[in-house]
Amino acid sequence: MVSYKRLNPENVQFSGALLSEEHHRPAQEDVAVPQPDSTSLLPRRLSCSITKVMLILGSLLLVLFGGWLLHTIYWLRTTSVQAHRLPPPAPGQALGPVLQADINDTVTAARSKACSAIPESWRFDCYPEKAVVVTQELCEARSCCFIPASGSTRGRSRKNGIPWCFYPPDFPSYSLVSSKDTSMGLKGTLVKDVKTYYPGDILTLEMEIRHETDTRLRVRITDPSSSRFEVPLSVPTATKKAENPEYVVELSKQPFGLAVKRKSTGTVLLNTTVAPLFYADQFLQFSTALPSRFIYGLGEHRSTFLHDVQWNTLTMWARDVPPTEQTNLYGVHPFYLAMEDGGDAHGFFLLNSNAMDVALQPGPALTWRTIGGILDFYVFLGPDPGSVVQQYVEVIGQPAMPIYWALGYHLCRWGYKTSNATWEVVKRMRNYGIPQDVQWNDIDYMDQAKDFTFDPMNFNTLPDLVRDLHAHNQTYVMMMDPGISSTQPEGSYWPFDEGLKRGVFIKDAEGKTLIGKVWPGLTAFPDFSDEATHEWWYENLQRFHEKVPFDGLWIDMNEPSNFLDGSTVGCPSNSLENPPYTPGVLGGLLRSKTVCASAQQKLSTHYNLHSLYGLMEAKATASALKRILAKRPFVISRSTFPSHGSYSGHWLGDNRSHWKDLYTSIAGMLTFNLLGIPLVGADICGFSEEPQEELCVRWTQLGAFYPFARNHNSLDMNPQDPTAFSPSARTAMKQALLLRYSFFPFLYTLFHHAHIKGHTVARPLMFEFPKDVKTYGIDSQFLWGRSLLVTPVLEPGVDYVDGYFPEGLWYDFYTGDSVSSKGEELRLSAPMDKINLHLRQGSIIPTQEPNVTLWISSGQPLHLVSALSDDGSASGDLFWDDGETIDTYETQRYTYVAFNVSQNTMTSSVLHSDQEGSFLSIDSASFYGVKQKPSAVLVNSQKFPFIYRDNQVLSVASLGLRLTQNFTISWM
């Protein structure tokens, strides 16, 4: 059972022992863990609280008044009352000006002392508005503390520095006035007596705590008197209270606070008592202490994988802008994963789609600041990082299983200019024998940039190109923007005419079709929150597919992007367009380069739905493709929101051909795997600016290990497909892509585990080594699954790379040479034609002989590579199906085989089989780390020839084993 400790007000304060610098130790230190049952989660009051100050002042006033009274009595007894009556006191000066001044000085000094006692790293910003010079007068008008930053940080920008204006310990907040147990946990009423400085304060709130599973806690804080917007995301509905939760919840009554700790260690995961709760109509805010500075997630932002907690504010509001630091980008993901001392991890998800700021500070602490909706959040207990992600995607939705060719090499550019020019690139790729599964076209295929059209002059052979791709077992993907041209002659453009008739477009505040401007000129924007729009979208795609039989869709500009701010007629002046608080969005206005916040959609205003636009379009697109093709849909989307991985993949946007962008792409890829969107990658070689040959070679090597691998560049830039470079560069790129194709069985199996279990595909090292603090900040290397370590070159002009190897045995993938690491950084040779790959001890991975398309290579025999642990053990698996049928796992149409090595014997166990698996055979196997040369090798008890090398690699070939039949390979 979860225990609720009712704490008295004097035991709870917004600042206290929990906030002290000494309490928060670095993760690598050994800290004694208090027993869960004997330790309160909530901090004690500061010794210099306002309550004590008032008691002191009261005593002082009593003494002064008593002295004055005695003096007056004595004076009256010795003087004529009639002649010497006391004059009436002046208003406001009952105790005399000197005495009043003394009292004011005492109050000011006491308040100053209370404010100064709050450590700088625990000062929560009371004046977060951007572009405001906060003065003492402005700050104190909010009843907050004002202390300019210390000299060492005075020059730092206020945007990312210590707040000068911050909450005092006694800032008014809510009280828990009543509570009752429920079948799922507890409900309570929160009341606030004093209004704060944002309009529309909601003074009475309902809080519900739901113990949904042993590792998942949900808390909802709502307005009981009025319904508010809630994100229309389908989440699990728990019907039974968790029986043995791994968390303990404590509540403070006055001021209200919530704390959650891990039962097993006593670690405090959530503590909202550190700052006041705000719940106004357009301003909701709460803060929490963090158990460490190791925070990840909170997409979409360009940053390192590990977020900086040094006064770092991350704004969330979907925006069309090339990846830039300190800027809100295409997607919104209010989820973070936090590491704890000792290697445990937990997650936190705020289910809210309104514009928001997430402020990190070095306490360490975090503040959520959103301008609408409700407070509806989850805490995931893990306890390891991978489990946290699994628990998160159980709520938002498991990633979709991709169609097989999605994992091949994709080629695209803006500026092919004609279908024949596109076709020529495809032919050159074939002539050089360079793998390619998918050819794309950007917006230039369209007739005047209009959706559902193709240029009848420059792209007149497009249908023939697509048929040729299909004849060569290749596929075709095209761009589709949401903006629909609104200026075509009536009756000439069915998408707009029919859309008007059905009322599928977003409307302005007056109920008229909102008109913006995108690539085709003036445009209307489909309202994907309306099911009628989904049907209209499907019919348009179906009609166009009859002309150009595309295989997948790229949905771009779906923040939604607008070349205007709002609309052709602007936006009304109201609280939706100009809310009391505007988060730090690029452009300073919610309507900046998008539609009006006050625009009307089926489900709500755009103010609430803006950051959901890409998700809703992705759902409509995936649904339409399923109906048209009767296969797994392939969709790549720019704007994303939680649950997006169930419908679409993502590319990291309009990056640049810079070495820095090569490096930051790894952090982006890892972050989106945390966020439940494993099908992700960056534009290989960079989108904008001229490509450099060395950079493009190194980027192709790294991109070969993006889960989604696409080369894409911009208009008027030089070509950057592999055929455009020198013979040596072309050869290096070809080798990297063939290497990717050889790993297809392994990669496909990883996506199966992502689909059914919520695993990551591209994985941070710290996921597999959570007790090794050295891995926590690594974003220049990554793993595929648990087994394959990728160490790319990320700098120009070098033929080596430094990589960190966690403790254990690692094997060079190419040679089988072993590296025994104690947890150290090693320098690796990295000539221009090589990317370093290492297999982790205890792993078995399936590979294939690669070919120019996955359709061909996926039919080749398998090669199993086993990397043995020191005790000679290893394990791995393979998932296989037809690669395109929807829900093969759910309908039992698949093959699944587990491989195991123990005591010099490999065994296969066919756990499920299907016809597709029967077409595969296992031709060869290699075993890395066989310590002694065998005298014999037996395959299904029959002697078999073998090769044993001095570096302890045992190989057997020409096995001819059927995948769907159990087998053994042993040596003695």
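These numbers come from a predicted model, not from an experiment.

Before we move on, can you summarise the packing of aromatic side chains with the specific residues and values?
One pass over the structure, following the stated rule, counts 61 aromatic pairs. An angle of 50° between the planes, with centres 4.8 Å apart, marks the rings of Phe927 and Trp971 as tilted. Taken together, the positions of Phe927 in strand S45 (residues 921-928) and Trp971 in strand S51 (residues 968-971) put the pair 44 residues apart, joining distant regions of the chain. Per residue, the accessibility class of Phe927 equals that of Trp971, and both read buried. Counting every residue linked through ring pairs, the aromatic cluster contains Tyr167, Phe171, Tyr197, Tyr198, Phe278, Phe283 and Tyr581. For the cation-ring pair, Lys427 lies above Trp423, with the distance from its terminal atom to the ring centre recorded as 4.9 Å. Note that Arg710 overlies the ring of Trp651, its terminal NZ or CZ placed 5.2 Å from the centroid.

Give me the state of the cysteines: which residues, what numbers.
Considering all chains together, one arrives at five disulfides under this definition. Note on cysteine connectivity: Cys115 is disulfide-linked to Cys145, with sulfurs 1.9 Å apart. With the S-S dihedral at roughly -70°, the linkage between Cys115 and Cys145 falls on the left-handed side. Of this pair, Cys115 sits in helix H2 (residues 97-116) while Cys145 sits in strand S2 (residues 145-146); the two residues are 30 residues apart in sequence, bridging distant segments of the chain. Judged by relative accessible area, which is 5%, Cys115 ranks as buried. The disulfide partner of Cys139 is Cys165, and the S-S distance across this bridge is 2.2 Å. The sign of the 90° torsion about the S-S bond sets the Cys139-Cys165 disulfide as right-handed. Highlighted residues: Cys139 in helix H3 (residues 136-140) and Cys165 in strand S3 (residues 165-166), separated in sequence by 26 residues.

Describe the pairing of strand S9 (residues 257-262), and please don't skip the residues or the numbers.
Most of S9 sits inside the fold, with six of its six residues counted as buried. Every second residue of S9 is oriented toward a common face, with Gly257, Ala259 and Lys261 on one face and Leu258, Val260 and Arg262 on the other, all of them buried. Taken together, strand S8 (residues 247-252) and the strand that follows it, S9, pair antiparallel across an intervening segment of four residues. Where S9 meets strand S10 (residues 268-271), three bridges bridge the pair, whose relative direction is antiparallel. The residue of S10 that forms the bridge with Lys261 is Val268. Hairpin geometry of S9 and S10 is characterised by an intervening segment of five residues between the two adjacent antiparallel strands and by a positive phi of about 80° at Gly266.

So what's going on with the packing of helix H12 (residues 693-703) against helix H13 (residues 727-742)? Which residues, and what values?
Across the interface, H12 lies against H13 with an axial gap of 8 Å and an inter-helix angle of 10°. If you check the angle between H12 and H13, you find them roughly parallel. The residues of H13 that touch H12, namely those facing Glu693, Cys696, Val697, Thr700, Gln701 and Gly703, are Ala729, Ala732, Met733, Ala736, Leu737 and Arg740.

Criteria and cut-off values
- Residues numbered from 1 in each chain as written.
- Predicted model: local features only at pLDDT ≥ 70, side-chain atom pairs only at ≥ 80, totals over all residues.
- Heavy atoms only, no water.
- Phe/Tyr/Trp six-rings, centres within 6.5 Å; stacked < 30°, edge-to-face > 60°.
- Helix = DSSP H or I, 4+ residues; strand = E, 2+ residues; numbered from the N terminus.
- Buried < 20%, exposed > 50% of the residue type's maximum accessible area, 1.4 Å probe, protein only.
- Lys NZ or Arg CZ within 6 Å of the ring centre and 35° of its normal.
- Disulfide = S-S within 2.5 Å.
- Pairing = 2+ DSSP bridges.
- Axes fitted to C-alpha atoms, helices over the stretch in contact; angles between N-to-C directions.
- Parallel < 35°, antiparallel > 145°, perpendicular 65-115°, else oblique.
- Contact = heavy atoms within 4.5 Å.

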